[in-house]
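Secondary and tertiary structure notes
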Amino acid sequence: LLNRFLLLTFADLKKYHFYYWFCYPALCFPDGIHIIQKPVCLGDRFTLSQIQALQKAYDELCHKEGVTALPYFLIKYHDNSVVISPLKRWDGFFQDQGGKVAVGVYDPCNLSHYPGWPLRNFLILAAHKWGSLLQSVEVLCFRDRTMQGVRDITHSIIFEIKLPERALGPDCPKAVGWEKNQKGGMGPRMVNLSECMDPKRLAESSVDLNLKLMCWRLVPTLDLEKIVSAKCLLLGAGTLGCSVARTLMGWGVRKITFVDNAKISYSNPVRQPLYEFEDCLSGGKPKALAAADRLQKIFPGVSSEGYNMSIPMPGHPVNFSEVTMAQARKDVAKLEELIDAHDVVFLLMDTRESRWLPAVIAASKRKVLYHTLLISLSL
Ligand SMILES: *[C@@H]1O[C@H](CO)[C@@H](O)[C@H](O)[C@H]1NC(C)=O
Ligand SMILES: *[C@@H]1O[C@H](CO)[C@@H](O)[C@H](O)[C@H]1NC(C)=O
């Protein structure tokens, strides 16, 4: 209860800005706290053997309580002995001390003349418990440091505090504790992680986030996972193929495979958004391969492949040479294998007869099949 903290956070996931604001609430005495005796170092006040006895007693108590550190504890010391007790055993602990009370606070602070924050709420408790009986309380800010492998508690500070007679009024006391930000103002701190992010990961998470927002606003019932994980086979990488690929990518599809046997010609780039003038030079690149490459360039998170091959068509008999027969068989086998390996098949070719064979194969494998038509309004 004495050491609670609050943390407000906000993650701006679009910009990778992470805001956080800590509060370590502390109740304030209406009249403040008065240190009677200036803090001194443990090493200046006690002998080495007394300090060792304190450290030993503290370690034994930690061990007994099964903790690595004790935030607060009660101390009784004489010339040659130290007794330490957990805070909860305060009843009667100081009975034989003739009105002297000494308490220990595990202190993260390293200012030599000031105690750290954890003392604040503890003093409220001390004032409540002993304030009406005692003039003062001795406080040990226990500073347990290990430097270059050597443990040292001699930097701990010890001082006396005058407890207010009246700890807290009936009204809720003032409380402080919100941490100031880097500019010294009352507001959250911010960590900007945008530069540390791998650009490819950034692209992927931005795309995902955007999709989630789109879905959330427009079609909250849409099973985005299903769409994103769909493996799509695009038969044809022309005007239809290019546009469908971009739209699928826009909806988060990550696996896109193209099949086409044509090369990119000079008339293509103006209408087919995956190609550029350069792609038409030296006879033109194969469309399927160029389209797959371009998708990777647009979004490295996509897994795209291209197959430069023909789809056998009825009414286009292969001539009966060994070579062309073997090629046609290979093409059919490859087409069947590709349809097998995908969830959705898009028919994006410009002839009706070329759609026949893949439609039959896809139907036999019960795959989702889209017949896609281009309706051109300006010829
Ligand atoms: C965060 O870092 C990025 C990259 O350096 C920068 O463009 C952006 O302005 C920063 N944002 C803020 C709020 O400082
Ligand atoms: C693409 O396939 C066609 C026939 O389908 C072939 O003539 C051409 O050489 C192939 N191109 C490449 C780069 O493999």
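Going by an unreviewed UniProt entry, the protein carries the name Autophagy related 7 and comes from Accipiter nisus.

Focus: the packing of aromatic side chains
Per the counting criterion, the structure on display carries 15 aromatic pairs. With a centroid separation of 6.2 Å and an interplanar angle of 45°, the aromatic rings of Phe5 and Tyr24 are classed as tilted. With a gap of 19 residues between them, Phe5 in the segment before strand 1 (6-12) and Tyr24 in strand 2 (residues 17-27) connect regions that are remote in the sequence. Given a relative accessible area of 34%, Tyr24 falls into the partly exposed group. An angle of 10° between the planes, with centres 4.8 Å apart, marks the rings of Tyr72 and Phe122 as stacked. With a gap of 50 residues between them, Tyr72 in strand 4 (residues 72-77) and Phe122 in helix 3 (residues 119-130) connect regions that are remote in the sequence. One Lys or Arg, Lys76, reaches over the ring of Phe93 and ends 4.4 Å from the middle of that ring. Against the face of Tyr77 rests Lys100, its NZ or CZ located 4.0 Å from the ring centre.

Considering the environment of Lys367
Checked against the element boundaries, Lys367 lands in the loop between helix 9 (356-364) and strand 17 (368-371). In this structure, the C-alpha to C-alpha distance between Lys367 and Asp343, residues 24 residues apart in sequence, is 6.0 Å. Not counting residues within four places of it along the chain, the set of residues in contact with Lys367 comprises Ile339, Asp340, His342, Asp343, Val345 and Ala362. Reaching out from Lys367, the side chain makes a polar contact with the backbone oxygen of His342 at a distance of 2.7 Å.

Considering the UniProt feature "domain: THIF-type NAD/FAD binding fold" (unreviewed entry) in the protein
Sequence positions flagged by UniProt for "domain: THIF-type NAD/FAD binding fold" (unreviewed entry) are, in local numbering, residues 212-371. Summarising residues 212-371: 41% helix, 16% strand, and an end-to-end C-alpha distance of 28 Å.

Concerning the environment of Tyr24
As a C-alpha pair, Tyr24 and Lys14 span ten residues in sequence and 30 Å in three-dimensional space. The residues contacting Tyr24, other than those within four sequence positions of it, are Arg4, Phe5, Trp117, Val176 and Gly177.

Side note on the site of ligand 2
Residues in close proximity to ligand 2 include Asn261, Pro286, Asn308 and Ser310, which together make up its full environment. Between ligand 2 and Asn308 there is a distance of 2.5 Å, counted from an oxygen atom to a side-chain nitrogen or oxygen. If ligand 2 stood free it would expose 360 Å²; the protein chains cover 39% of that surface. Considered class by class, the residues forming the shell around ligand 2 number one nonpolar, three polar and no charged.

Describing the sheet that holds strand 16 (residues 344-347)
The parallel open sheet is built from five strands, whose spatial order is 15-14-13-16-17. The open sheet terminates on both sides in strands that have one partner only, identified here as strand 15 (303-308) and strand 17. Averaged over all pairs of adjacent strands, the angle between their axes in this sheet comes to 15°, without regard to strand direction. In this structure, strand 14 (residues 255-260) lies alongside strand 15, joined through six bridges in parallel fashion. Paired with Ile256 across the strands is Ser304, a residue of strand 15. Packed on one face of the sheet, helix 7 (residues 287-298) meets strand 14 and strand 15 and runs near 170° to strand 15.

Considerations on the sheet that holds strand 5 (residues 82-86)
Spatially, 3-10-7-6-4-5 is the arrangement adopted by the six strands of the open sheet, whose pairing is mixed. Of all the strands in the sheet, just strand 3 (34-41) and strand 5 have a single pairing partner and so form its edges. Ignoring strand direction, the axes of neighbouring strands in this sheet form an average angle of 25°. Alignment of strand 6 (residues 102-106) against strand 7 (residues 136-142), held across five bridges, turns out to be parallel. In the sheet register, Val105 faces strand 7, and the bridge partner there is Cys141. The strands touched by helix 2 (residues 48-65) are strand 4, strand 5, strand 6 and strand 7; relative to strand 5, the strand with the most contacts, the crossing angle is about 30°.

Description of the site of ligand 1
Taken together, His17, Met190, Asn192, Ser194 and Glu195 form the complete shell of residues around ligand 1. At a separation of 3.0 Å, an oxygen atom of ligand 1 approaches a polar side-chain atom of Ser194. Calculation on ligand 1 without its partners gives an accessible area of 360 Å², and the protein chains cover 41% of this total. In the shell around ligand 1, the residues fall into one nonpolar, three polar and one charged.

Cut-offs applied
Position numbers for residues count from 1 along each chain, tracking the sequence in the order it is written. Working convention: letters from A go to chains and numbers from 1 go to ligands, in the order in which they are written. In keeping with the model being predicted, local features are shown solely for residues with a pLDDT of at least 70 and side-chain atom pairs are shown and tallied solely at 80 or more, while totals for entire chains, interfaces and linings include all residues. In computing side-chain values, all of the structure's heavy atoms are included and hydrogens and water are not. Any Phe, Tyr or Trp ring, taking Trp's six-membered ring, that has another such ring centre within 6.5 Å forms a pair; planes under 30 degrees apart are called stacked, those over 60 apart edge-to-face, and the others tilted. Helix and strand assignments follow DSSP, with helices taken as H or I runs no shorter than four residues and strands as E runs no shorter than two, numbered in order from the N terminus. Burial status follows relative accessibility: with a 1.4 Å probe on protein chains alone, a residue under 20% of its type maximum counts as buried, one over 50% as exposed, and anything between as partly exposed. Here, a charge over a ring is recorded when the distance from Lys NZ or Arg CZ to the ring centre is within 6 Å and its angle to the ring normal is within 35 degrees. Every residue pair with non-hydrogen atoms within 4.5 Å of one another is taken to be in contact. In protein, a polar contact means a hydrogen-donor-capable atom and an acceptor-capable atom, both N or O and within 3.5 Å, with residues adjacent in sequence counting only if both atoms are side-chain atoms; elsewhere, any N or O pair within 3.5 Å suffices. UniProt positions are given in the numbering used here, feature names are shortened, and annotations may be inferred rather than shown by experiment. By convention in this text, a residue qualifies as near a molecule or strand provided that one of its non-hydrogen atoms is within 4 Å of it. Per-residue and other accessible areas were derived by the Shrake-Rupley procedure at a 1.4 Å probe size, with only the shown protein chains allowed to occlude residues. Amino acids are sorted into nonpolar (Ala, Val, Leu, Ile, Met, Phe, Trp, Tyr, Cys and Pro), charged (Asp, Glu, Lys and Arg) and polar (every other residue, Gly among them). In this description, strands pair whenever DSSP reports at least two bridges between them. To get an axis, a line is fitted to the C-alpha atoms, and for a helix only the part in contact is used. The angle between two axes follows their N-to-C directions and goes from 0 to 180 degrees.

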